[in-house]
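# Breakdown of the fold
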Amino acid sequence: MAENTPDDERLVVTEAWKHSDFLCKNYILSYLEDGLYNVYSVMETSKALWNALEKKYKTEDAGLKKFVAARFLDFKMIDTRSVITQVQELQVIVHDLLAEGMVINEAFQVAAFIEKLPLLWKDFKNYLKHKQKEMTLEDLIIRLRIEEDNKNAEKKPRGNSTIMGANAVDCRAPKNDKKKKNQANMVEDEMEDLCAMLSEYNLDPTRQSSWEIHLRPKLKELTRLR
């Protein structure tokens, strides 16, 4: 109030301010938990109460932001776990950062996710980093999912290929020998039958166990005849 404010007016204004401040302070206190109420109810004015709360909880908020930011910066993907699972964990951390009011645009998120890919993804990481067209985070996750599916498919044991590779059979007809023409023709017929049987067994993995029983002895005999 101005210095020349009359005493009676000064008294009225002061009492009105005290009443408003009392209401304001108790509005704030009414939203605190019981334990906090007992701590902060001793504050004399609403301004003192508000400043004390800001000092305590704004400092804690700043610490929480630093903690979440550190989690994001320190996050490294490893080869022994699914990349998509780790991407989802990273998305949760990004969500926490955004919830704390920290601004992270999508382009930065995409670049950070690519940079955090594990060691065995080095070639694919370089491919993504050199792409000219800008990707959304959704586009990146789709590409990562496809690449991981391809990598998992390559790791699966190739039972059919192994059998054919380990037990490769030369299905070409044997050379004719004038002295053994009849025998050669017989072997040729047998080899054609054997090739057909191998193709059938190769296409049906459930029957591959029969190889040892039926096909291998026959192949050995035909090889001896040739």
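Note that residues are indexed from 1 along each chain, following the sequence as it is written. Whole-chain, interface and lining totals are the exception, using all residues; otherwise, since this is a predicted model, local features are given only for residues with pLDDT of at least 70 and side-chain atom pairs are given and counted only at 80 or more. To obtain the side-chain values, all non-hydrogen atoms of the structure were included, while hydrogens and water were left out.

Take helix α6 (residues 122-129) next. Burial in α6 covers these residues: Phe-124, Lys-125 and Leu-128. One face of α6 carries all of its buried residues, which in axial projection span an arc of 105°. In this structure, α6 carries Lys-122 and Asp-123 as exposed residues pointing more than 90 degrees from its buried face. By the convention used here, residues are in contact when the closest approach between their heavy atoms is within 4.5 Å. A helix here means a DSSP run of H or I that spans at least four residues, while a strand means a run of E at least two residues long, and both kinds are numbered starting from the N terminus. Where α6 is buried, its residues touch α5 (106-115) and α7 (137-155). For every residue, the accessible area (1.4 Å probe, protein chains only) is compared with the maximum for its type, and the residue is labelled buried under 20%, exposed over 50%, or partly exposed between those bounds. Our arc is simply the arc of the directions from the helix axis toward the C-beta atoms.

A pair is scored as a salt bridge if a Lys or Arg side-chain nitrogen falls within 4 Å of a carboxyl oxygen belonging to Asp or Glu. For the coordinates displayed, the defined rule picks out 4 salt bridges. Between Arg-81 and Glu-89 there is a salt bridge whose closest N-O contact spans 2.6 Å. For Arg-81, a relative accessible area of 35% puts it in the partly exposed group. In this structure, Glu-115 and Lys-129 form a salt bridge, with 3.4 Å as the shortest nitrogen-oxygen distance. You can see Glu-115 sitting in helix α5 and its partner Lys-129 sitting in helix α6, a full 14 residues away along the chain.

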